[in-house]
Amino acid sequence: MSVCVVADTGPLIALAGSGQLGLLRAAYTRVVVPEAVHDELLEGGAFALGVAAYQRATWIEVMAAAPEPSLLALLGRGEASVITLGVSLKADCVLIDEQKARKIASSVYNLTVMGTVRVLLDAKREKRLASVKDALEGMLTNGYRLHEAIVEYALKEAGETEE
């Protein structure tokens, strides 16, 4: 079990909206969300996708972060705050789906980056998730966008392809 993950808005919405937010609690002893991400999640109101599940997750820590202006010039406040907290907390990894932010986090800040699909694959491997396909279908049905190649990769890695 890893110790600390700092999570961005997209993965939290995807996991919470498909009923899989608890996978983070099972995989990490500490799940941290920057205030900027917390605010983004609540912006949509109580009926927005995944918000109710997120609000019930009292095990998620919300922390302040002050990203560098240079980082804010390249990324949104949420992604920049995730990277900033990831560095300051020496997090085991940051959970980001947005490609540009992932690249900056890993190549510039030397952070270990993972995405929503990796959370699902790890959970399946550790027998905490029965079906990656069902989880992905839930995310896609709820409007979470995943590239078709990523979905195909995930299903293949999970051994859930129909060959």
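Anyway, here's the lowdown on the structure attached to this text. Nothing here was measured: the structure is a model prediction, and the numbers come from that model.

## Describing the overall build of the chain
Along its length, the chain carries 10 helices and 5 strands. Computed over C-alpha atoms, the radius of gyration of the chain comes to 15 Å, within 12% of the 15 Å expected from 2.2 N^0.38 for 163 residues, which places it in the range of a compact globule. Along the three orthogonal principal directions, the C-alpha set of the chain runs to about 50 × 35 × 30 Å. Among the 163 residues that make up the chain, the fraction classed as buried is 45%. Here the chain displays about 8,600 Å² of accessible surface, and carbon together with sulfur accounts for 51% of that area.

## Examining helix H8 (residues 116-125)
Across the 10 residues that make up H8, a large majority, 7, are buried. Listing the buried residues of H8 in full gives Thr116, Val117, Val119, Leu120, Leu121, Asp122 and Ala123. Packing partners of the buried residues in H8 comprise helix H1 (9-17), helix H2 (22-27), strand S4 (93-95), strand S5 (113-114), helix H9 (132-141) and helix H10 (148-157). Of the residues trailing H8, Lys127 is marked for its positive phi of about 60°.

## With respect to the side chain of Ser131
Topologically, Ser131 is positioned in the loop between H8 and H9. Among the residues examined, Ser131 registers a relative accessible area of 16% and is labelled buried. Of the polar contacts made by the side chain of Ser131, one reaches the backbone nitrogen of Asp134; its length is 2.9 Å.

## A few points about helix H6 (residues 77-89)
Its 13 residues give H6 an end-to-end C-alpha distance of 18 Å, which sits within 8% of 18 Å, the value for a rise of 1.5 Å per residue. Along H6, the positions that sit buried rather than exposed are Gly78, Glu79, Ala80, Ser81, Val82, Ile83, Thr84, Leu85 and Gly86. Phi for Lys90, located one or two positions after H6, is positive at around 55°.

## A look at the environment of Thr29
Along the chain, the position of Thr29 falls in strand S2 (residues 28-34). Take Thr29: its relative accessible area is 57%, and that puts it in the exposed class. In this structure, the C-alpha to C-alpha distance between Thr29 and Ile13, residues 16 residues apart in sequence, is 20 Å. Polar contacts involving the side chain of Thr29 include one to the main-chain carbonyl oxygen of Val3, which spans 2.8 Å.

## Side note on the pattern of salt bridges
Taken as a whole and assessed by the stated rule, the structure comprises 6 salt bridges. Where Arg125 meets Asp122, a salt bridge forms, and the shortest distance between an N and an O atom there is 3.2 Å. On the criterion of helical spacing, the pair formed by Arg125 and Asp122 is a turn pair, its members being 3 residues apart in helix H8. Judged by relative accessible area, Arg125 falls into the exposed class, the value being 56%. In this structure, Glu126 and Arg125 form a salt bridge, with 3.5 Å as the shortest nitrogen-oxygen distance. Note on Glu126: relative accessible area 39%, which makes it partly exposed. What emerges from the salt-bridge pattern is a single network uniting Arg118, Asp122, Arg125, Glu126 and Arg128.

## Thoughts on unusual backbone geometry
Despite not being glycine, Lys90 shows a phi value in the positive range, around 55°. With respect to the helices and strands, the residue Lys90 is situated in the loop between H6 and S4. In this structure, Asn110 takes a positive phi of about 60° despite not being glycine. Within the secondary structure, Asn110 is located in the loop between helix H7 (99-107) and S5. On the basis of relative accessibility, which here comes to 69%, the residue Asn110 falls in the exposed class.

The rules we used
- Residues numbered from 1 in each chain as written.
- Predicted model: local features only at pLDDT ≥ 70, side-chain atom pairs only at ≥ 80, totals over all residues.
- Heavy atoms only, no water.
- Helix = DSSP H or I, 4+ residues; strand = E, 2+ residues; numbered from the N terminus.
- Rg over C-alpha atoms; globule rule 2.2 N^0.38 Å.
- Buried < 20%, exposed > 50% of the residue type's maximum accessible area, 1.4 Å probe, protein only.
- Areas by Shrake-Rupley, 256 points an atom, 1.4 Å probe, with all protein chains shown as cover.
- Contact = heavy atoms within 4.5 Å.
- Polar contact = N/O pair within 3.5 Å; in protein donor to acceptor, adjacent residues only side chain to side chain.
- Expected span 1.5 Å × (residues − 1).
- Salt bridge = Lys/Arg side-chain N within 4 Å of Asp/Glu carboxyl O.

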